Amino acid sequence: MERSLKKTKSNNNNSIKSNTMKDDEMFHVIHKVPSGDTPYVKAKHAQLIEKNPEMAIVWFWKAINTGDRVDSALKDMAVVMKQLDRSEEAIEAIKSFRPRCSKNSQDSLDNVLIDLYKKCGRMEEQVELLKRKLRQIYQGEAFNGKPTKTARSHGKKFQVTVQQEISRLLGNLGWAYMQQAKYLSAEAVYRKAKMVDPDANKSCNLAMCLIKQGRFDEGRSVLDEVLESRVLGADDCRTRQRADELLSELEASLPRRRDAEMEDVLGNILDDDFVLGLEQMTSTSFKSKRLPIFEQISSFRNQLVC
């Protein structure tokens, strides 16, 4: 009888421990935090559970300095710093500590840097990084010769195609050129983005670029693609609203003023070392194994200068 009671008690204890372990596992799954007691785990707990970003940054630094999941710690810390308007500090942290990170993490760190440069208005550095990443894709370095790669966002993995990545990078590059008032360079990039992966948002971007140059007829023609639902995504309410707003801006445009004309002159300076240099990227010096993402840019450039 006594032995039976001990066995029952032991089974109950084991059951309690098992349930506790399961609850602990469910907690980490639900809140998307890793299990354990390391600096990185404490950082994620402070970030996601306690909602204490400042403390999270302290623990992320400890994780980086102790070699605890440095790849994830550096990237996650930079994201938290951006949320706290400490983007400049995040940029310097990535530049200083990325040599400690694995080769596989460099692409995701680049993507974080692109957002940080945009946030800080550091357009020149953003443009250079975007051009470098586009060259890497063209030369077959970014995807290891494969048509897709695995990406991660908010803890979820998904597949990204070469075309999608090129389109994303070109979209960011076009925006950066627009901020620099390099409208002709932005136009070339936006047109290439439409060739790679056409949709209504890219049409709106191109139309905005043409309007900035005072080329209203061309801008209206591009906007008609959206308003007449001739491109993918034209049925999206926000995209159509944006197209309507751009059309209103176009129709309300006044005759060109002297300062606007000067702005166009400055904006029509092509970014020689990249947009014009794309012709070199399609030369025979590149082997067929490299991705021909800029095939038509040369002929388009010739049309611009005629």
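Looking up the protein in an unreviewed UniProt entry gives the name Protein SULFUR DEFICIENCY-INDUCED 1-like, with the organism given as Camelina sativa. According to UniProt, the comment filed for the protein under the heading Sequence similarities (unreviewed entry) is "Belongs to the MS5 protein family." A UniProt comment under Subcellular location (unreviewed entry) is attached to the protein, and it reads "Nucleus".

(A) Layout of the overall build of the protein. For the protein, the helix and strand inventory stands at 16 helices and two strands. For the protein, the residues scored as buried account for 39% of the 306 residues in total. In the structure as shown, the protein presents an accessible area of about 17600 Å², 51% of it carried by carbon and sulfur atoms.

(B) Summary view of the environment of Asn201. Mapped onto the fold, Asn201 is located in helix 10 (residues 200-212). In sequence terms Asn201 and Thr239 are 38 residues apart; their C-alpha atoms lie 6.4 Å from each other. Excluding residues within four positions of it along the chain, Asn201 makes contact with Thr239 and Arg242.

(C) Up close: the UniProt feature "repeat: TPR" (unreviewed entry) in the protein. Here, the residues flagged by UniProt with the feature "repeat: TPR" (unreviewed entry) are residues 167-200. Taken end to end, residues 167-200 comprises 82% helix and 0% strand; its first and last C-alpha atoms sit 13 Å apart.

(D) Inspection of helix 11 (residues 216-227) at higher detail. Compared with an ideal rise of 1.5 Å per residue, which puts twelve residues at 16 Å, helix 11 spans 16 Å between its outermost C-alpha atoms and is within 8% of the ideal. Listed as buried for helix 11 are Gly219, Val222, Leu223, Glu225 and Val226. Seen along its axis, helix 11 keeps its buried residues to an arc of 140°; they face one direction. Against the buried residues of helix 11 lie helix 9 (183-196), helix 10 and helix 12 (237-251). A positive phi of about 55° marks Ser229, the residue just after helix 11.

(E) Expanded view of the packing of helix 6 (residues 106-120) against helix 7 (residues 123-138). Between helix 6 and helix 7, whose axes approach to 8 Å, the crossing angle comes to 150°. Comparing their axes, helix 7 and helix 6 come out roughly antiparallel. The two elements helix 6 and helix 7 meet at a crossing, and its hand is left-handed. Every residue of helix 7 that contacts helix 6 at Asp107, Asp110, Asn111, Leu113, Ile114, Tyr117 and Lys118 is listed here: Met123, Glu125, Gln126, Leu129, Leu130, Arg132 and Lys133. Grouping the constituent residues of the contact of helix 6 with helix 7 by class yields six nonpolar, two polar and six charged.

(F) Representation of the packing of aromatic side chains in the model. Tallied over the entire structure, the rule returns two aromatic pairs. Measuring from ring centre to ring centre gives 6.0 Å for Tyr40 and Phe60, while their planes differ by 50°; the resulting arrangement is tilted. A residue pair is termed long-range when its members are at least 10 positions apart, and Tyr40 in helix 2 (residues 39-48) and Phe60 in helix 3 (residues 53-66) qualify at 20 residues. Here Tyr40 falls in the buried class, since its relative accessible area comes to 4%. We note Lys62 situated over the ring of Trp59; from NZ or CZ to the ring centre the distance is 4.3 Å.

Reading the values: the criteria
- Residues numbered from 1 in each chain as written.
- Predicted model: local features only at pLDDT ≥ 70, side-chain atom pairs only at ≥ 80, totals over all residues.
- Heavy atoms only, no water.
- UniProt positions renumbered as here; feature names shortened; annotations may be inferred.
- Helix = DSSP H or I, 4+ residues; strand = E, 2+ residues; numbered from the N terminus.
- Buried < 20%, exposed > 50% of the residue type's maximum accessible area, 1.4 Å probe, protein only.
- Areas by Shrake-Rupley, 256 points an atom, 1.4 Å probe, with all protein chains shown as cover.
- Contact = heavy atoms within 4.5 Å.
- Expected span 1.5 Å × (residues − 1).
- Arc of directions from axis to C-beta.
- Axes fitted to C-alpha atoms, helices over the stretch in contact; angles between N-to-C directions.
- Parallel < 35°, antiparallel > 145°, perpendicular 65-115°, else oblique.
- Left-handed = near helix turned anticlockwise from the far one by under 90°.
- Nonpolar A, V, L, I, M, F, W, Y, C, P; charged D, E, K, R; others polar.
- Phe/Tyr/Trp six-rings, centres within 6.5 Å; stacked < 30°, edge-to-face > 60°.
- Lys NZ or Arg CZ within 6 Å of the ring centre and 35° of its normal.

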